[in-house]
Amino acid sequence: MSPPRTDLAPPKEDPFTLEDLKQYDGKTEGKPIYVAIKGTVFDVSNKREMYGPGASYNIFAGKDGSRGLGMSSLDPANAVPDWSPLEGPQKATLDQWHSFFKARYNIVGKVTDLPDAVRGRE
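Since the structure is predicted, the reported quantities are computational estimates derived from the model, not experimental observations.

(A) How the structure looks around the sheet that holds strand β5 (residues 106-111). As summarised here, the arrangement of the five strands in space is β1-β5-β3-β2-β4, forming an open sheet in which the pairing is mixed. Two strands lie at the open edges of the sheet, namely β1 (14-16) and β4 (63-64), each paired on one side alone. Looking at chain direction, strand β2 (residues 34-37) and β4 are connected through two bridges and run parallel. Each bridged residue has a counterpart across the sheet, and for A36 the counterpart in β4 is D64. This element, helix α4 (residues 88-102), spans β2, β3 (40-43) and β5 of the sheet and lies at about 135 degrees to β2.

(B) Examining the layout of surface pockets more closely. There is about 150 Å³ of room inside the largest pocket. Taken together, L18, K22, D25, K27, N58, A61, G62, K63, D64, A79 and P81 make up the lining of the largest pocket. Here the lining of the largest pocket is composed, by residue class, of four nonpolar, two polar and five charged.

Thresholds applied
Residues numbered from 1 in each chain as written. Predicted model: local features only at pLDDT ≥ 70, side-chain atom pairs only at ≥ 80, totals over all residues. Heavy atoms only, no water. Pairing = 2+ DSSP bridges. Helix = DSSP H or I, 4+ residues; strand = E, 2+ residues; numbered from the N terminus. Contact = heavy atoms within 4.5 Å. Axes fitted to C-alpha atoms, helices over the stretch in contact; angles between N-to-C directions. 1 Å grid on protein atoms, 1.4 Å probe; cavity = no way out; pocket = protein on both sides within 12 Å on 5 of 7 lines; lining within 4 Å. Points joined across faces, edges and corners; volume = space filled by probe spheres on them. Nonpolar A, V, L, I, M, F, W, Y, C, P; charged D, E, K, R; others polar.

Okay, structure coming up:
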């Protein structure tokens, strides 16, 4: 596991829809790779080997896959933004992932169209 970074840029609040995020899935050369967790959009481009095409965590690239992260699931069906079904340990796991990303990746924006079940719970 990589240590927290000390050179992160100040967080940005640029708006992204879930549809906007799809273009940042690592498939287009020269475009950054973004992963959103609980509506926070992170630039994970410096870890292309983990989030780029063919990599194990690519299922989270270009989307908010909060539920899957909380479930520790690499099933693409679980890589969805609605984390409302998560309880107890799974919710804690999701919060740990969010904290982990905040300490290691630049925040480039916020998802503006999260499902109603989780909107405002970011």
